[in-house]
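# Results of the structural survey
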Amino acid sequence: MINGELKNKIDGIWNVFWSGGISNPLEVIEQITYLLFLRRLDDLHTLEENKSARLKRPMERRVFPEGKDPKGRPYEDLRWSHFKNFTSAEMFTVVDEHVFPFLRTLGGDDSTYAKHMEGARFTIPTPSMLSKAVDLLDSVPMENRDTKGDLYEYMLGKIASAGQNGQFRTPRHIIRLMVELTAPQPTDIICDPACGTAGFLVAAGEYLREYHPNILHDERLKQHFHYGMFHGFDFDNVMLRIGSMNMLLHGVENPDIRYRDSLAQENSSDEEAYTLVLANPPFAGSLDYENTAKDLLQIVKTKKTELLFVALFMRLLKPGGRAAVIVPDGVLFGSSKAHKELRRMLVEEQKLDAIVSLPGGVFKPYAGVSTAILLFTKTNSGGTDNVWFYDMQADGWSLDDKRSPLLDEEKLGPVPSTELTEEDHVKNNLPDVLARWQERNNNELKRARTEQSFCVPKADIAAQGYDLSLNRYKEVVHEDVEHRTPKGILESLAKLEAEIQTGMKELEEMLG
């Protein structure tokens, strides 16, 4: 966790951009991402130099070539450690005219990060602004993986507070809950087909480091972790740059973060390629049949993106693979033929594990839409006996546009460091969701439908036309309230009236 001093430094960098006229938070993040990448390139080059000097051998892999660039500037000047010492004007010239053209040619080294730098645009408008940003970034410690990952996440949080460009950023505590519910394993192949800033993939990586610390000591698992485990797709190039940098700063060397419209016809090649899907895809209305993958339309004939994404999750998973995905409530009770058929398939042909209903304000300030977490396992042979429902009322944060924390930091999230009291539980249900989920095949089966969580047999769901909305099955307890009879109320009023009259007479007598 980063401290207040580091946060102040990051806020200072942010303010330099805002006061300099770059107010779009995505553009600020993008420019900072480029600068962080330049700093990393220099660190990698220095590492190779040190290795070469230690072994007394020529450098095996130079990031910056020997000699001069096409405009006659020595490549050495393009290194962070060199240009940071230049005057503001010279630094600006070097970065604008030499460093960024060089960045755009880096795609040849096959790394995810270099590939996403191909379209790099330098938009910092003045030498003084660049100089301030470089000075501030240079003073931020980037040696520790946890620190730099947290720093980047802190910066990404500013996208949420700004809420511009329709970019939905899933709250990190909801992502953490979904990762905890699915418990990623060291051999999993994880996919987010609409990855954005790669929040789900980062959280899955952090979970594995915490619960499976040996993963980076076993050479086979380590190779898988860095090169084969994480797959994220998006069709926004800015998000791809930010997402891949987020993974890099969290210590994943070469994740598969690619440009892809996951619902499009040309991207239907990775059927049954993944063992875990974590996602909160954009549910943006309808698509044309012509532009939608035909195999998805074979699963469910619809133009609605929210249904097509659920069909996509089923297609992407290997048999035995599991998914935790956020869906709008309409998916759970929609009455169209496509809605019903998709839900029938989840219940009858796959193993639908759970529906966790989220509070209405969880995506504020973007939208107040009602959503739920859908958890299922792909079996292609059914297996649903009971579906576990949880009615989440509070996630630890206010459900208005401010989304302020309701508890101290150590009591927030699904795995708080301090045990919650009954009073705390009213404000943060996440630890309870996790605890009851573990009991879904045992004690949870005995719970009444009046409680916050309960299980519903498959037959009951089928009888309700595969409606999966929690309110369809939750039972409400009505309390008996005793009211006074009208006659009794009239008698009381008459008594009060008599007292008032008596008091008034006494008052008249006192006044003479």
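Residues numbered from 1 in each chain as written. Predicted model: local features only at pLDDT ≥ 70, side-chain atom pairs only at ≥ 80, totals over all residues. Heavy atoms only, no water.

## Some details on the packing of aromatic side chains
One pass over the full model with this rule turns up 14 aromatic pairs. Pairing F100 with F122 gives two aromatic rings, centres 5.0 Å apart and planes at 45°, and the pair type is tilted. A residue pair is termed long-range when its members are at least 10 positions apart, and F100 in helix α4 (residues 88-103) and F122 in the loop between α5 (112-115) and α6 (127-138) qualify at 22 residues. In this structure F100 comes out as buried when scored by relative accessible area, which is 1%. On the basis of relative accessible area, F122 is assigned to the buried category, the value being 15%. Judged by centre distance (5.3 Å) and plane angle (85°), the ring pair of F225 and F230 falls under edge-to-face. (Phe/Tyr/Trp six-rings, centres within 6.5 Å; stacked < 30°, edge-to-face > 60°. Helix = DSSP H or I, 4+ residues; strand = E, 2+ residues; numbered from the N terminus. Buried < 20%, exposed > 50% of the residue type's maximum accessible area, 1.4 Å probe, protein only.)

## Describing the environment of T182
As for its placement among the helices and strands, T182 is situated in helix α8 (residues 172-182). For the pair formed by T182 and L375, sequence separation is 193 residues and the distance between their alpha carbons is 8.4 Å. When near neighbours in sequence (up to four residues on either side) are disregarded, T182 contacts L276, L278, R322, A324 and L375. A distance of 3.0 Å separates a polar atom in the side chain of T182 from the backbone oxygen of M178. At a separation of 3.2 Å, a polar atom in the side chain of T182 contacts the main-chain carbonyl oxygen of V179. (Contact = heavy atoms within 4.5 Å. Polar contact = N/O pair within 3.5 Å; in protein donor to acceptor, adjacent residues only side chain to side chain.)

## Overview of the side chain of H425
Along the chain, the position of H425 falls in helix α16 (residues 422-427). Engagement of the side chain of H425 in a polar contact is seen with the side chain of Q452, the distance being 3.2 Å. Setting aside its immediate chain neighbours within four residues, H425 contacts Y390, L420, D432 and Q452.

## Some thoughts on empty space enclosed by the protein
Evaluation of the coordinates by the stated rule reveals two cavities of 30 Å³ or more. Put simply, the largest cavity is a space of about 50 Å³. Forming the walls of the largest cavity are E48, K51, S52, L55, R57, P58, M59 and E60. Of the volumes computed, that of the second largest cavity is approximately 30 Å³. Forming the walls of the second largest cavity are I10, L36, L137, V140, M142, K148, L151, Y152 and M155. Take the lining of the second largest cavity: its biggest share by element is four residues, from helix α7 (residues 145-162). Split into classes, the residues belonging to the lining of the second largest cavity amount to eight nonpolar, no polar and one charged. (1 Å grid on protein atoms, 1.4 Å probe; cavity = no way out; pocket = protein on both sides within 12 Å on 5 of 7 lines; lining within 4 Å. Points joined across faces, edges and corners; volume = space filled by probe spheres on them. Nonpolar A, V, L, I, M, F, W, Y, C, P; charged D, E, K, R; others polar.)

## Things to note about the sheet that holds strand β9 (residues 453-457)
Taken in spatial order, the nine strands of this open sheet run β3-β2-β1-β4-β5-β7-β6-β8-β9, and their pairing is mixed. Edge positions in the open sheet fall to β3 (256-259) and β9, since each of these has one partner strand only. Each strand of the sheet is rotated relative to its neighbour by a mean of 15°, with strand direction disregarded. Note that strand β2 (residues 230-234) and β3 share four bridges and pair parallel. Bridge assignment links F233 to a residue of β3, and that residue is R258. On top of the sheet, helix α13 (residues 305-316) reaches β1 (190-192), β4 (274-279), β5 (317-328) and β7 (371-377); it is set at about 160° to β5, its chief contact. (Pairing = 2+ DSSP bridges. Axes fitted to C-alpha atoms, helices over the stretch in contact; angles between N-to-C directions.)

## Notes on the environment of L352
Here L352 is to be found in strand β6 (residues 351-357). Of the residues examined, L352 reaches a relative accessible area of 0% and is grouped as buried. Residues L352 and P58, spaced 294 residues apart in sequence, show a C-alpha to C-alpha distance of 58 Å. Those residues within four positions of L352 in sequence are excluded, and the remaining contacts are L346, V347, L374, L375, F376, T384, N386, V387 and L468.

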